[in-house]
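Spelled out from the first residue to the last, the chains are:
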Amino acid sequence: MRRVLFRGDAKPSIGTGDLMSLVNLSRYFENNGWEAFFLIRGYEAGIKIMEGRGVKNVSTIPPDCPLQEEQKAINNIVIKKNIDILFLEITERKLTDYVLPAAVKKVCVNFDGIIPDDMDAVINWDVEGTVHFDKKRYPKTRFLLGPQYIILPVNFDKGRIAARTYVPKPQNVLIAMGGADELNFTQRVINTILEDEPDMKITVIIGAGYLYKKELETSLSKSENRHVVKQDVSDMFEEYMNCDVAVAAGGLTSYELIATATPAILIATYAHQIERCKYFDHAGWARYLGYRSYERNELRHLIKNPPPPPNTNMFDTQKIIEAVNELIK
């Protein structure tokens, strides 16, 4: 049996998307006959994600573990578990800070364009992914660049998505402003929506790293609107399929909304999300309202009169598995 070791983390300052994408990808590997292992730092958000999704073969290192000790932990697992592929998504430091084991193939998700010379494959699903890397600099590295390589949850049912229907008057609005949402745009968006008390149910999704749940529930309790707050949801597919319109940040959720043909209103909460949101808006797949700001009347109007559902088949996570399998033939 082939074996893959994933190295990633989740905490408020880096969000939960990095680790969630690796958990999602591990399901594809397992469905293709691989055994998956994880090494994470012991941040609370990361531990909640792994426990909540029943992820097996998880090893932890202390949150303040020095880089040298982290590298030893990686090497130990690679050797003891006979790992074939080391898969990294690291955002707290440059990958070039690491001295990675030589006797294993190495794949990474990378967005800063700085990678070790011996990286075997690089994934960047950003809309500008093709401009981040000097391919001539890394002639032996395979690059999987562009939004088609987004890591979607394995349970996204293309048949159900294609058969999806829409009501003329929206009844359910989904708010999903990121797994950590350290700037608490969730509260800002809800405050805007509640200004005119729309006759619809509000479903709020917050991640394992969200720190303002108590304040959020207090503000919602003062409204007569039907509402529910769900934290660290393990199956977002059903949430997308059960809403009529969604307001979201420009992270992984924006891709998932488009992949599920959900009418989407996007607000970029980090600078790297801006071009992505503009790209989706230009393609007609979503409406982009701005970077860390939006016109309140426009948001309220779009919730009652959603943009058309996106229509694209460009995403194919299975291509990543095919590329990794080719590395060890």
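See above for the structure.
In this report, the structure presented in the accompanying data block is examined. As the structure is a computational prediction, the values presented were derived from the model and not from experiment. (Residues numbered from 1 in each chain as written. Predicted model: local features only at pLDDT ≥ 70, side-chain atom pairs only at ≥ 80, totals over all residues. Heavy atoms only, no water.)

For the rest of this paragraph, the subject is the pattern of salt bridges. For side chains bearing opposite charge, pairing can occur when the charged atoms are close. Under the counting rule described, the total for this entry stands at 22 salt bridges. Across the salt bridge formed by Arg-160 and Glu-238, the nearest N and O atoms sit 2.7 Å from each other. Remark: Glu-238 occurs in helix α7 (residues 236-241) and Arg-160 occurs in helix α4 (residues 158-162); sequence separation between them is 78 residues. In this structure Arg-160 comes out as partly exposed when scored by relative accessible area, which is 34%. When the shortest N-O distance is used, the salt bridge between Asp-196 and Lys-304 registers 3.1 Å. You can see Asp-196 sitting in the loop between α5 (185-193) and β9 (201-206) and its partner Lys-304 sitting in helix α10 (residues 296-304), a full 108 residues away along the chain. Its relative accessible area of 32% is what places Asp-196 among the partly exposed residues. Residues joined by salt bridges that share partners form a network here, namely Glu-195, Asp-196, Arg-296, Arg-300 and Lys-304. (Salt bridge = Lys/Arg side-chain N within 4 Å of Asp/Glu carboxyl O. Helix = DSSP H or I, 4+ residues; strand = E, 2+ residues; numbered from the N terminus. Buried < 20%, exposed > 50% of the residue type's maximum accessible area, 1.4 Å probe, protein only.)

The subject of this paragraph is the sheet that holds strand β13 (residues 287-291). Pairing is parallel in the open sheet, where 6 strands are placed in the order β10-β9-β8-β11-β12-β13. Both edges of this open sheet fall to β10 (227-231) and β13, since each of them pairs with a single strand only. Between one strand axis and the next, the sheet turns through 15 degrees on average, direction left out of account. Here strand β8 (residues 172-176) pairs with β9 via 5 bridges, running parallel. (Pairing = 2+ DSSP bridges. Axes fitted to C-alpha atoms, helices over the stretch in contact; angles between N-to-C directions.)

According to the stated counting rule, one finds 16 aromatic pairs in the structure shown. Aromatic pair Tyr-255 and Phe-315: ring centres 6.1 Å apart, planes at 65 degrees, arrangement edge-to-face. Remark: Phe-315 occurs in the loop between α10 and α11 (318-327) and Tyr-255 occurs in helix α8 (residues 252-259); sequence separation between them is 60 residues. Look at Tyr-255 and you get buried, because its relative accessible area is 0%. Overall, the relative accessible area of 7% leaves Phe-315 in the buried class. Residues Tyr-279 and Phe-280 carry aromatic rings whose centres are separated by 5.9 Å and whose planes lie at 65 degrees to one another, so their mutual orientation is edge-to-face. Relative accessible area serves as the criterion here: at 0%, Phe-280 is assigned to the buried category. (Phe/Tyr/Trp six-rings, centres within 6.5 Å; stacked < 30°, edge-to-face > 60°.)

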